[in-house]
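# Breakdown of the fold
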Amino acid sequence: MVRAGLAPAVDGATILGVDVLEPRSLKRHDPVAGAFDALLTGRTMAEPARRGKFLWIPLVGGDPRRAIVAHLGMSGQMLLREPGTVEDGLLRIRLHIEHPVHGELWVHFVDQRIFGSMAVDTLVPTPDGMPGGRGTTEALVPAQVGHIARDPLDPAFDDDGFAAALAKKNTGIKRALLDQTLVSGIGNIYADEALWAAKLHYEQPTRTLSRARIRNLLAEVRLVLEKALAEGGTSFDAQYVNVNGASGYFAHSLNVYGRQGLPCPRCGTPIVREPFMNRSSHRCPRCQRLRAPRRVAVAPAV
DNA sequence: CTTTCGCCCTGAGTGC
DNA sequence: TGCACTCAGGGCGAAA
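Residues numbered from 1 in each chain as written. Chains lettered and ligands numbered in written order. Predicted model: local features only at pLDDT ≥ 70, side-chain atom pairs only at ≥ 80, totals over all residues. Heavy atoms only, no water.

### Re the overall build of chain A
The condition is simple: Helix and strand assignments come from DSSP, with helices taken as H or I runs of at least 4 residues and strands as E runs of at least 2, each series counted from the N terminus. We call a residue buried when its accessible area falls under 20% of the maximum for its residue type, exposed when it is over 50%, and partly exposed in between, using a 1.4 Å probe and counting protein chains only. Contacts between residues were defined by any pair of non-hydrogen atoms, one from each residue, lying within 4.5 Å. Computed by Shrake-Rupley with a 1.4 Å probe, the accessible areas treat only the displayed protein chains as cover when residues are assessed.
Per the secondary structure count, chain A includes 6 helices and 11 strands. Expressed as a percentage of the 302 residues in chain A, the buried residues total 49%. When contacts within chain A are restricted to residue pairs at least 6 apart in sequence, those whose partners lie at least 24 apart make up 60%. Put simply, chain A shows about 14300 Å² of open surface, and 54% of that area lies on carbon and sulfur atoms.

This is the structure we're talking about:
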């Protein structure tokens, strides 16, 4: 939704100037190729693309091809503003752009916790030759995003490859969902929601999941991601606004996340919250129990 | 090689 | 009232 909102304003626009108010917001930028502002000033942007939680805006022309890369972290936002707008102290980076139709605009990278960051990065070919991400037809992806898997809403996402990877892994299903090299775009909240919908325990070993269960889980993941996109994403920061400035809460749609002690919407059993990877997992203790594998692979007794 | 862990960061919230 | 402390999140490099 950030990408879709940004697209009409930046596609075809030229960058007139760059203000970096918080250098720490450039931690993804490798200065070897040049300074962030110098690489951007005077360049024209194409349509933004997205893969997982990374957003990038390709620059038109140039050799090598480059793109503005942004990771919004948890608290990051890309906001469109009229020039002269007063922004509060959370503004980290500003792009001053001029669009052939919309005229001059400011693009604000606002990030309270400085977990997100921006960079100028080179574009490299995708190994599978498919478009680099949603929003682009070019088979290019920023170098630093190359190891990130496609997200399940990407038409080029490989369902069978994902299932095959799960069969080989020795880990729990939630760890796999959060592993951005396997599948991207799923954070702690969406993982809990999708696992609840699929009636799976977060520690269910991936190798015990049948193809049918994996298919079902992927379908639930897609529903969660689509709902989140439609509602403008999840954020618990009260000042959350989308690219047009409208408020976008998702919290009212949550079935398990943050609902410990409250009844499971499906069976009424109180939701529990359990420590997991220095974070927490929420699940229904009745709907989401560990399942025995259908076929147990037992080593033959000697 | 695979898997796990700690750190980055800061405002909101909690407890004394 | 004020202070100390905890928590939340995604990605990355280090450690196991």
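### Examining the protein's contact with DNA strand B
The criterion, for reference: In these notes, residues near a molecule or strand are those with any non-hydrogen atom within 4 Å of it. Under this definition, polar contacts are N or O atom pairs within 3.5 Å; protein pairs additionally need one hydrogen-donor-capable and one acceptor-capable atom, and for neighbouring residues in sequence, both atoms have to be side-chain atoms. Residues were grouped as follows: Ala, Val, Leu, Ile, Met, Phe, Trp, Tyr, Cys and Pro as nonpolar; Asp, Glu, Lys and Arg as charged; and all remaining residues, including Gly, as polar.
Arg 24, Gln 112, Arg 113, Ile 114, Phe 115, Lys 169, Asn 170, Thr 171, Arg 175 and Asn 278 make up every residue found near DNA strand B. Taking all atoms of DNA strand B within 4 Å of the protein, the share assigned to sugar and phosphate is 64%. Take Arg 24: an N or O atom from its side chain is 2.9 Å from a phosphate oxygen of DNA strand B. Contacts to DNA strand B include Asn 170, whose backbone N or O atom sits 3.0 Å from a phosphate oxygen. Class assignment of the residues belonging to the surface near DNA strand B gives a composition of 2 nonpolar, 4 polar and 4 charged.

### Describing the side chain of Ser 280
Along the chain, Ser 280 falls in strand S11 (residues 279-283). Given the relative accessible area of 9%, Ser 280 is considered buried. The residues contacting Ser 280, other than those within four sequence positions of it, are Lys 174, Asn 188, Asp 192, Arg 273, Glu 274 and Pro 275.

### Some details on the state of the cysteines
Where we set the bar: Cysteine sulfurs are considered disulfide-paired once they come within 2.5 Å of each other.
In the structure shown here, the tally under the stated rule is 0 disulfides. No disulfide involves Cys 264; its sulfur sits 3.8 Å from that of Cys 284, the nearest cysteine. Classification of Cys 264 as buried rests on a relative accessible area of 4%. Lacking any disulfide linkage, Cys 267 is separated from the closest cysteine sulfur, that of Cys 284, by 3.6 Å.

### Some details on the pairing of strand S4 (residues 66-71)
Looking along a regular strand, one sees the side chains alternate between the two faces of the sheet. The following threshold applies: Two strands form a pair only when DSSP identifies at least two bridges running between them.
The element S4 is extensively covered by neighbouring structure, given that 6 of its 6 residues are classed as buried. Residues of S4 alternate between two faces, with Arg 66, Ile 68 and Ala 70 on one and Ala 67, Val 69 and His 71 on the opposite face, all of them buried. When strand S3 (residues 54-58) meets S4, the two strands line up antiparallel, connected through 5 bridges. Looking across to S4, one finds that Phe 54 is bridged to His 71.

### Things to note about the sheet that holds strand S7 (residues 103-111)
Condition: The convention used is that axes are lines fitted to C-alpha atoms, helices contributing only their stretch in contact, and that angles between N-to-C directions extend from 0 to 180 degrees.
Sheet architecture is open: 4 strands sit in the order S1-S6-S7-S5, paired in antiparallel fashion. Looking at the sheet topology across the chains shown, the edges are occupied by strand S1 (14-20) and strand S5 (76-81). Going from strand to strand, the sheet's axes swing by 20° on average, the running direction of each strand aside. Taken strand by strand, helix H1 (residues 2-10) contacts S5, strand S6 (91-99) and S7, and its axis lies near 35° from that of S5.

### A look at helix H5 (residues 188-197)
Burial of H5 is extensive: 9 of the 10 residues sit out of reach of the surface. A positive backbone phi angle near 60° is found at Lys 199, which sits one or two residues after H5.

### Comments concerning the environment of Ile 57
Its place among the elements puts Ile 57 in strand S3. Looking at Ile 57, the relative accessible area reads 3%, which means it is buried. Setting aside chain neighbours within four positions, we find Ile 57 in contact with Leu 6, Val 10, Met 45, Ala 46, Pro 48, Ala 67 and Ile 68.

### Here's the deal with unusual backbone geometry
Look at the link from Asp 63 to Pro 64: it is a cis peptide, with omega at 5°. The residue Pro 64 is located in the loop between S3 and S4 in this model. One non-glycine residue, Ile 114, lies in the positive phi region at around 55°. Position of Ile 114 relative to the elements: it lies in the loop between S7 and strand S8 (117-125). Classification of Ile 114 by relative accessible area gives buried; the value is 13%. Of note, Lys 199 is a non-glycine position whose phi angle comes to about 60°, a positive value.

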